[in-house]
Amino acid sequence: MRERFANDGFVVIDDFVSPEARAALRTRALEIVDATDPATTSVFTTRRDAAARDAYFRESGSTIRCFFEEDAFDERGSLRAPKPLAINKIGHAMHDLDPAFDRFSHDARLDALVRDLGIVDPRVYQSMYIFKQPHIGGEVHWHQDATFFVTEPHSVRTLWFALEDANRDNGCLWVLPGGHRGPLRERFVADGETTRMERLDHTPWPTVGTDALPLEVRAGALVVLHGHLPHYSAPNRSARSRHAYTLHVVDGAAHYDARNWLQRSADFPARGLR
Ligand code: FE2
C-alpha cells in the first residue's frame, strides 16, 4: 500500500466502512440538515452578499454549517427544492462537535493507516459530508487539497469515504495518477476578512478523456489522497445521489501555515485520529 501510494498518490481500500456505519452517518447528516433553517443561511450561500458569505464560510471551520447548492434558492431566498435535495454539503468540524461523526472519525484503524503513509502526529483539521445530489450535484473543479492546508513540510492527507457507490454516472472522483509529484498550483489564503486564491504554478490541469483516471468505487470504500494529487468530480446528472464523507489530516509535527483559511484556536485544537 505504501508503495502504491508513493507511486500513484492515492490508494483505494475496499469495504472499509460497514453498511451500519454508513447508514448511521447518513441518518445523522439528514438530521443536521433537517434542523437547519434554510432562511437563515440563504443569504450566506448565495452571491448577493460576498462579505456575509465569506464570514459564514470562515466561521464554519470551528462549527457545523450547511451549504446549499448554488441554484437552490429563488430570488426571494426560498428553496426551490425540498431541503434534503438542495443541500450541497455540511462542514467543517462535525468530527469534533457531533457525537456520531466524532465516533466514526476517531478510529485506531485510521490512525494506523495515516501513520503508515508517513504522518507522525495526525491532526484532523476538517470534516465534510458531501451529498452530490441526483441531477443537480455540481462539478468540483480540478484542485489539490494542499491548496487549503499548507504545511512545512507538506503533509495533508485526504480520507474520502464512499457512503454510496461512486461511478462515472453519479460524479465519482477523477485523479491524475502520479500527479502528486507535480507542483502545488494554487493556495487558498485568508486575507483580512476575506479569502482568495493565489496562483503558485502554471502547470496545466489534467483532462478527462486523456490523462485522468475515474475512481469508480463501491459504497464502503476508503480513498486516501496525497495532498498534491490533482482531483476533480463531474456533475451528477444521474438519478442517484453520491454521498461521501471526508477528513483532512495534517501532521502536527509540521508547521501549519498562519495564512490557511482554517485556523483552530488554543481552546479548540485539532485532535488526533484515536
Ligand atoms: Fe479535494
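Our subject is the structure that appears above.
Positions within a chain are numbered from 1, following the residues in the order the chain's sequence is written. Per-residue local features of the predicted model are confined to residues with pLDDT of at least 70, and side-chain atom pairs are confined, for both listing and counting, to 80 or more; whole-chain, interface and lining totals are unaffected and use all residues. In computing side-chain properties, one takes all heavy atoms of the structure into account and sets aside hydrogens as well as water.

Draft legend 1. Molecular detail of the nonpolar core. Only buried residues count toward a nonpolar core, which is a set of Ala, Val, Leu, Ile, Met, Phe, Trp, Tyr and Cys residues joined through side-chain atoms within 4.5 Å. Residue burial is assigned from relative accessible area. The probe radius is 1.4 Å, only protein chains are included, and a residue is buried under 20% of its type maximum, exposed over 50%, and partly exposed in between. Within the largest apolar cluster, 35 residues are counted, with the highest numbers of intra-cluster contacts made by Ile-90, Tyr-129, Leu-159, Phe-161 and Tyr-245. At 4 residues, the largest contribution of residues to this core is made by helix 2 (residues 19-34). Counting 19 residues, the second largest nonpolar core, distinct from the first, contains Val-175, Val-217, Leu-229 and Tyr-232. Numbering goes from the N terminus for both helices and strands, where a helix is a DSSP run of H or I of at least four residues and a strand is a run of E of at least two.

Draft legend 2. The coordination of the iron ion, seen in detail. Each metal's donors comprise the N, O and S atoms found within 2.8 Å of it (within 3.2 Å for Na, K or Ca). Water is not part of the atom list, so some coordination spheres may appear incomplete. Looking at the metal site, the iron ion is ligated by His-143 (NE2), Asp-145 (OD) and His-231 (NE2), spaced 2.1 to 2.2 Å from it. Along the chain, the residues donating to the iron ion fall in the pattern H-x1-D-x85-H. One end of the pair, His-143, is in strand 5 (residues 140-143); the other, His-231, is in strand 13 (residues 231-233), and 88 residues separate them in sequence. A residue is classified by how much of its surface remains accessible, and His-143, at 15% relative accessible area, is buried.

Draft legend 3. Main features of the packing of aromatic side chains. Aromatic pairs are defined between Phe, Tyr and Trp rings, using the six-membered ring for Trp, whenever the two ring centres lie within 6.5 Å; interplanar angles under 30 degrees are classed as stacked, those over 60 as edge-to-face, and all others as tilted. A full pass over the atoms with the stated rule returns 15 aromatic pairs. Taking the centre distance of 5.5 Å and the plane angle of 75° together, the rings of Phe-68 and Phe-73 count as edge-to-face. Assessed through its relative accessible area of 5%, Phe-73 is described here as buried. Among the aromatic residues, those joined into a cluster by ring pairs are Phe-16, Phe-101, Phe-104, Tyr-129, Phe-131, Phe-161 and Tyr-245.

Draft legend 4. Quick peek at the sheet that holds strand 12 (residues 222-226). Two strands qualify as a pair provided that DSSP identifies no fewer than 2 bridges between them. Spatially, 7 strands are ordered 1-12-7-14-4-3-2 in an open sheet, and the strand pairing comes out antiparallel. Of all the strands in the sheet, the pair left with one neighbour each is strand 1 (10-13) and strand 2 (64-68). Taken over all neighbouring pairs, the strand axes of this sheet differ in orientation by 20° on average, direction set aside. Between two residues, a contact is recorded if the distance between any of their heavy atoms is within 4.5 Å. Axis geometry follows a simple rule: fit a line to the C-alpha atoms, using only the stretch in contact for helices, then measure angles between N-to-C directions, giving values from 0 to 180 degrees. The strands touched by helix 4 (residues 50-59) are strand 2 and strand 3 (87-92); relative to strand 2, the strand with the most contacts, the crossing angle is about 135°.

Draft legend 5. Highlighting the pattern of salt bridges. Only one rule defines a salt bridge in this text: a Lys or Arg side-chain nitrogen within 4 Å of an Asp or Glu carboxyl oxygen. Tallying each qualifying case throughout the model produces 19 salt bridges. Its salt-bridge partner being Asp-96, residue Arg-271 comes within 2.7 Å of it at the nearest N-O pair. Linking Arg-271 in the segment after strand 15 (255-256) with Asp-96 in helix 6 (residues 94-97), this pair joins segments that are 175 residues apart in sequence.

Draft legend 6. Structural context of the environment of Ser-233. Position of Ser-233 among the secondary structure elements: in strand 13. Sequence separation of Ser-233 and Val-175 is 58 residues, and the distance between their C-alpha atoms is 8.9 Å. If we ignore the near neighbours within four places in the chain, the residues touching Ser-233 are Lys-132, Glu-139, Val-140, Gly-171, Cys-172, Leu-173 and Arg-242. In protein, a polar contact requires one atom able to donate a hydrogen and another able to accept it; more generally it is a pair of N or O atoms within 3.5 Å, and residues adjacent in sequence count only if both atoms are side-chain atoms. Of note is the side chain of Ser-233, whose polar atom sits 2.7 Å from the side chain of Lys-132.

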